[in-house]
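# Topology and contacts: notes
Spelled out from the first residue to the last, the chains are:
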Amino acid sequence: MNALAATNRNFKLASRILGLDSKLEKSLLIPFREIKVECTIPKDDGTLASFVGFRVQHDNARGPMKGGIRYHPEVDPDEVNALAQLMTWKTAVANIPYGGAKGGIGCDPGQLSLSELERLTRVFTQKIHDLIGVSTDVPAPDMGTNAQTMAWILDEYAKFHGYSPAVVTGKPIDLGGSLGREAATGRGALFATEALLNEHGKSIAGQRFVVQGFGNVGSWAAQLISEKGGKVVAVSDISGAIKNGKGIDIPSLLKHSVANRGIKGFSGADPIDPNSILVEDCDILIPAALGGVINRENANEIKAKFIVEAANHPTDPEADEILSKKGVTILPDIYANSGGATVSYFEWVQNIQGFMWDEEKVNNELRTYMTNGFKDVKEMCRTHNCDLRMGAFTLGVNRVARATVLRGWEA
């Protein structure tokens, strides 16, 4: 099931549980605006290349729209649509004053030079600059983009609108980026895991973790978990997968992964088949890579008692049903990986105030938001007698629906 179908399905289930009016339900599903632009740039060899850029602005009932921009060969309008909608519910679950958006350019960033990427980013910004803004739509990095990409957008946007650092988040620190943003999604996943384990009378220390994906989110999650005394027993990334039943030395693995552009060949663990990573024996599984990795083919084999969704949409609805029958507790993506969006909000707030926080304040505020978020989700689970995913979806959808009705959507 693709991301859009799965997100729509979860939304419809939530709206049924909440008893939403069918006209309101339809209005919440349809995106506010979809933008598709042509971006033609001269390549370094003098030839011209054309790319298609997208921005889907899903909903702005609770505040400016917020969401990442990805550079990926398969930026598919359906997927961008699903992710924009997911951001609407995610920001509502996190209780930050935003709506949802998502964007991207269909390109392979690995095949473009730095100067080509800069030209592409600037042309894309020229095409959408009047549709984004501090109180309209605030982009952020996503797959294939980073703080440098945000710096180029900020600069290009400033040519039209003057200096406004709050127009994008995930910027370099020197241009108004927030301390703690780099680690935010991984740290948020850690706080989410602590809240979940706390509920079951457990703590991170002594639990065995498997982390699928060792990019920004996975590597930070693994590092912070091992600092808290958790044992990371298996890790995978694009280059391969490794396992060590006694626990992998994460600081050494991080050094190795930076030096060798991947975890492959790390001497402190044994190589395993990357396809078996999700079914390795552990207490807590953290998928932190691509969507749709847990499906009906492998769900029966999963040995973890808890799954913390650090990736977007890693579990198919069919797998959801299989896992819940097995008694596996899934902490859903729209709550578990909202740390990045939350610290993006902190960055935006700091930019608007023109007053920057120290890292300790950022992390403490994040802990507060993640802890309160878990309480709110559990409250919805109790009210509607549902699992954590529906608890989170009903929480998010209900907040957006209330804001929509209060603002007068029928007028």
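Summarised in this report is the structure supplied together with it. Given the structure is predicted, the values throughout are model-derived calculations rather than measurements. (Residues numbered from 1 in each chain as written. Predicted model: local features only at pLDDT ≥ 70, side-chain atom pairs only at ≥ 80, totals over all residues. Heavy atoms only, no water.)

## As for the overall build of the protein
Put simply, the test is: Strands are runs of DSSP state E lasting at least two residues, helices are runs of H or I lasting at least four, and both sets are numbered from the N terminus onward. Only the C-alpha atoms count toward the radius of gyration. The rule for a globule is 2.2 Å times the residue count to the power 0.38. Every residue pair with non-hydrogen atoms within 4.5 Å of one another is taken to be in contact. Note on areas: Shrake-Rupley, 1.4 Å probe, and residue coverage restricted to the protein chains presented here. Charge assignment: positive for Lys and Arg, negative for Asp and Glu; neither His nor the chain ends contribute. The atoms used to mark charge sites are NZ of Lys, CZ of Arg, CG of Asp and CD of Glu.
A count of helical and extended segments in the protein gives 13 helices and twelve strands. The C-alpha atoms of the protein give a radius of gyration of 21 Å, which matches the 22 Å a tight globule of 411 residues would have. Seen along its three principal axes, the alpha-carbon backbone of the protein occupies a region of about 55 × 55 × 40 Å. Taking the intrachain contacts of the protein between residues at least 6 apart in sequence as the baseline, contacts between residues at least 24 apart amount to 67%. Summed over its atoms, the accessible surface of the protein is roughly 17100 Å², and 50% of this surface lies on carbon and sulfur atoms. Across the protein, the 44 positively charged side chains and the 48 negatively charged ones have centroids separated by 4 Å.

## Quick word on helix α6 (residues 184–199)
Stated formally: A helix is expected to reach a length of 1.5 Å times the quantity of its residues less one. To sort residues, take the accessible area from a 1.4 Å probe on protein chains only and compare it with the maximum for the residue type: under 20% means buried, over 50% means exposed, and anything in between is partly exposed.
The terminal C-alpha atoms of α6 lie 23 Å apart, and with 16 residues this matches the ideal 22 Å at 1.5 Å per residue to within 8%. Counted residue by residue, α6 has 14 buried out of 16 residues, so it is predominantly covered. Two residues or fewer past α6, Gly 201 is found with a positive phi of approximately 70 degrees.

## So, the sheet that holds strand β12 (residues 329–331)
Stated formally: Should DSSP find at least two bridges between two strands, the strands are regarded as paired. Geometry is summarised by axes, namely lines fitted to C-alpha atoms with helices restricted to the contacting stretch, and by angles between N-to-C directions that run from 0 to 180 degrees.
On the basis of which strands lie adjacent, the open sheet formed by seven strands has the order β9-β8-β7-β6-β10-β11-β12 and mixed pairing. Either end of the sheet is taken by a strand with one partner, and the two such strands are β9 (270–272) and β12. Strand-to-strand twist in this sheet, taken as the mean axis angle between neighbours without regard to direction, amounts to 20 degrees.

## Section: the sheet that holds strand β1 (residues 33–42)
Taken in spatial order, the five strands make up an open sheet running β1-β2-β4-β3-β5, and their pairing is mixed. Two strands in the sheet have a free side with no partner beyond their single neighbour: β1 and β5 (137–141). Each adjacent strand pair in this sheet contributes to an overall mean axis angle of 20 degrees, direction not counted. In this structure, β1 lies alongside strand β2 (residues 48–59), joined through ten bridges in antiparallel fashion. The residue of β2 that forms the bridge with Glu 38 is Val 52.

## Some points on the nonpolar core
Formally: The criterion is simple. A nonpolar core is a set of buried Ala, Val, Leu, Ile, Met, Phe, Trp, Tyr and Cys residues joined through side-chain atoms within 4.5 Å.
Core analysis: the biggest nonpolar cluster contains 75 residues, and Leu 28, Leu 253 and Leu 331 have the highest contact counts within it. By residue number, the principal contributor to this core is helix α13 (residues 388–407), which donates eight residues. In this structure, Leu 253 is in contact with Phe 214, Val 235, Ile 242, Ile 248, Ile 263 and Phe 266, ignoring residues within four places of it in sequence. Formed by 24 residues, the second largest nonpolar core is a distinct cluster that contains Ala 49, Phe 51, Ile 69 and Tyr 71.

## A closer look at the pattern of salt bridges
Test applied: Salt bridges are counted wherever a side-chain nitrogen of Lys or Arg sits within 4 Å of a carboxyl oxygen of Asp or Glu.
Enumeration over the complete set of coordinates arrives at 27 salt bridges. We note a salt bridge from Arg 9 to Glu 321, for which the minimum N-O separation is 2.7 Å. Within this pair, whereas Arg 9 is found in helix α1 (residues 3–18), its partner Glu 321 is found in helix α9 (residues 317–325), the two being separated by 312 residues in sequence. Residue Arg 9 is classed as partly exposed on the basis of its relative accessible area, which comes to 31%.

## Remarks on α9
Spelled out, the test is: Along the arc lie the directions from the helix axis toward the C-beta atoms.
Those residues of α9 lying buried are Pro 317, Ala 319, Asp 320 and Leu 323. The buried residues of α9 occupy one face: seen down the axis, they fall within an arc of 150 degrees.

## A look at the environment of Ala 192
As for its position among the elements, Ala 192 is in helix α6. When the C-alpha atoms of Ala 192 and Ala 310 are compared, they prove to be 9.9 Å apart, with 118 residues separating the residues in sequence. Residues in contact with Ala 192, not counting those within four places in the same chain, are Leu 331, Tyr 335, Ala 336 and Met 370.

## A short note on unusual backbone geometry
Excluding glycine, residues mostly carry a negative phi; peptide bonds, for their part, are mostly trans. Backbone geometry at Arg 261 places phi at a positive 50 degrees, although glycine is not the residue there. Given a relative accessible area of 78%, Arg 261 falls into the exposed group. Here His 313, not a glycine, exhibits a phi torsion of approximately 55 degrees, which is positive. Structurally, the position occupied by His 313 is in the loop between β11 (306–308) and α9.

## Some details on the state of the cysteines
Convention followed: Cysteine sulfur atoms are paired as a disulfide whenever they fall within 2.5 Å.
Tallied over the full model, the rule gives zero disulfides. Cys 381 supplies the cysteine sulfur nearest to Cys 386, a cysteine that is in no disulfide, at a spacing of 4.7 Å.

## Overview of the packing of α1 against α13
Our working rule: Note that the term roughly parallel is reserved for angles under 35 degrees, roughly antiparallel for angles over 145, roughly perpendicular for angles of 65 to 115, and oblique for everything else. Each residue gets one of three labels, nonpolar for Ala, Val, Leu, Ile, Met, Phe, Trp, Tyr, Cys and Pro, charged for Asp, Glu, Lys and Arg, and polar for the others, Gly among them.
Packing of α1 against α13 leaves a shortest axis separation of 9 Å and a crossing angle of 75 degrees. Of the possible angle classes, the one that applies to α1 and α13 is roughly perpendicular. Seen from α1, the contacting residues are Thr 7, Asn 10, Phe 11, Leu 13, Ala 14, Ile 17 and Leu 18; seen from α13, they are Arg 389, Met 390, Phe 393, Thr 394, Val 397 and Asn 398. Considered class by class, the residues forming the contact of α1 with α13 number eight nonpolar, four polar and one charged.

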